[in-house]
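If you want the building blocks of each chain, they are given just below.
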Amino acid sequence: VAKVFQAGKIDRLSAILDQVLEIDPDNTTALYNRGIVHRDRDELFGAEVCFRRVMELDPEMTDAYQALADLLFKVKHLLPATKIYEDALERAPNRLSLLHNLARTRVMLKEAAAAEALARKILSIDDRSVEAINDLVWAILYRKGDLDEALRLSERALELSPDGAHAMVFRERALERAGRT
């Protein structure tokens with residue numbers, strides 16, 4: 001399946017998946033991959049149906065949760081995406097991709113306290129995550145928190161990613177807030 005997908009033979013892959021699902025309609029691997037095919041074709045309803053079915057059949061398959069939550073995020077259904085990311089994190093509490101995507105969703109919802117907690121958790125796992133540092137700086141600035149911490153963190157983000165646009169913007173905002181521009 002992966003080789004067919006990587007070769008760009010989506011129609012062939014789709015036919016194979018349909019054959020598998022005809023024989024075994026509850027095959028979670030085939031359903032998940034069918035959802036990916038739907039998603040990549042911008043057939044969002046079909047993708048959602050497949051991912052939800054996988055979650056129903058195998059509640060521990062976190063990839064299906066993430067795929068559905070990412071899909072919902074893409075179409076700006078942020079509250080349902082948040083719930084699904086949280087459900088997935090109950091199953092895989094330290095999965096960085098889930099933590100990052102939930103943090104990004106919380107930032108989009110302007111939920112600074114939740115975004116800050118997620119960013120701190122991510123940084124406890126990966127202290128070099130520029131994305132998490134940026135989320136944390138955003139949350140600190142949004143909540144009018146500790147400017148010295150925001151400045152230290154924004155400096156660290158720039159050290160890790162000198163050309164990072166978000167890091168530059170957050171650094172500038174922190175400096176402005178501190179009256180150092």
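Relevant structure appears above.
Figured I'd write up the structure that's included with this text.

Rules behind the numbers
- Residues numbered from 1 in each chain as written.
- Predicted model: local features only at pLDDT ≥ 70, side-chain atom pairs only at ≥ 80, totals over all residues.
- Heavy atoms only, no water.
- Axes fitted to C-alpha atoms, helices over the stretch in contact; angles between N-to-C directions.
- Helix = DSSP H or I, 4+ residues; strand = E, 2+ residues; numbered from the N terminus.
- Left-handed = near helix turned anticlockwise from the far one by under 90°.
- Contact = heavy atoms within 4.5 Å.
- Nonpolar A, V, L, I, M, F, W, Y, C, P; charged D, E, K, R; others polar.
- Expected span 1.5 Å × (residues − 1).
- Buried < 20%, exposed > 50% of the residue type's maximum accessible area, 1.4 Å probe, protein only.
- Polar contact = N/O pair within 3.5 Å; in protein donor to acceptor, adjacent residues only side chain to side chain.
- Phe/Tyr/Trp six-rings, centres within 6.5 Å; stacked < 30°, edge-to-face > 60°.
- Lys NZ or Arg CZ within 6 Å of the ring centre and 35° of its normal.

**With respect to the packing of helix α8 (residues 112-125) against helix α9 (residues 130-142)**
Then, in step 1: Closest axis-to-axis distance for the α8/α9 pair is 8 Å, and the angle between their directions is 145°. In the packing of α8 onto α9, the handedness of the crossing is left-handed. For the pair α8 and α9, contact is made by A112, A115, E116, A119, R120, I122 and L123 and by A132, I133, D135, L136, W138, A139, I140 and Y142, respectively.
Then, in step 2: Of the residues contributing to the contact of α8 with α9, the split by class is twelve nonpolar, no polar and three charged.

**A closer look at helix α10 (residues 147-160)**
Then, in step 1: Its 14 residues give α10 an end-to-end C-alpha distance of 20 Å, which sits within 8% of 20 Å, the value for a rise of 1.5 Å per residue.
Then, in step 2: Listed in full, the buried residues belonging to α10 are E149, A150, L151, L153, S154 and A157.
Then, in step 3: For α10, the elements touching its buried residues are α8, α9 and α11 (165-177).
Then, in step 4: Sitting at the amino-terminal end of α10 is D146, which places a side-chain oxygen 3.0 Å from the backbone nitrogen of D148.

**A few points about the environment of R120**
Then, in step 1: Mapped onto the elements of the fold, R120 is located in helix α8.
Then, in step 2: Classification of R120 as partly exposed rests on a relative accessible area of 35%.
Then, in step 3: In the structure, R120 is positioned 33 residues away from L153 in sequence and 11 Å away in space, judged by C-alpha atoms.
Then, in step 4: Leave out the neighbours within four places in its chain, and R120 touches L136, I140 and E149.
Then, in step 5: A distance of 3.0 Å separates the side chain of R120 from the side chain of E149, its partner in a polar contact.

**Some words on unusual backbone geometry**
Backbone geometry follows two general trends: most residues other than glycine have a negative phi, and most peptide bonds adopt the trans configuration.
Then, in step 1: Positive phi, normally seen in glycine, also occurs at D42, with a value near 60°.
Then, in step 2: Positive phi, normally seen in glycine, also occurs at K110, with a value near 60°.
Then, in step 3: One can find K110 in the loop between α7 (96-108) and α8.

**As for the packing of aromatic side chains**
Then, in step 1: For the coordinates displayed, the defined rule picks out two aromatic pairs.
Then, in step 2: The interplanar angle of 45° and the centroid separation of 5.8 Å between the aromatic rings of Y32 and F51 together place this pair among those described as tilted. Of this pair, Y32 sits in helix α3 (residues 28-40) while F51 is found in helix α4 (residues 44-57), placing the two residues 19 residues apart along the sequence.
Then, in step 3: The class of Y32 is buried, set by a relative accessible area of 18%.
Then, in step 4: Between W138 and Y142, the aromatic rings sit 4.9 Å apart at their centres with planes inclined by 25°, giving stacked as the arrangement. Taken as a pair, W138 and Y142 lie in helix α9 at a separation of four residues, close to a single helical turn.
Then, in step 5: On the accessibility criterion, W138 (13% relative accessible area) is buried.
Then, in step 6: Stacked on the ring of F73, the Lys or Arg K76 has its end atom at 5.6 Å from the ring centre.
Then, in step 7: Its end group placed over the ring of F73, R104 keeps NZ or CZ at 4.0 Å from the ring centre.

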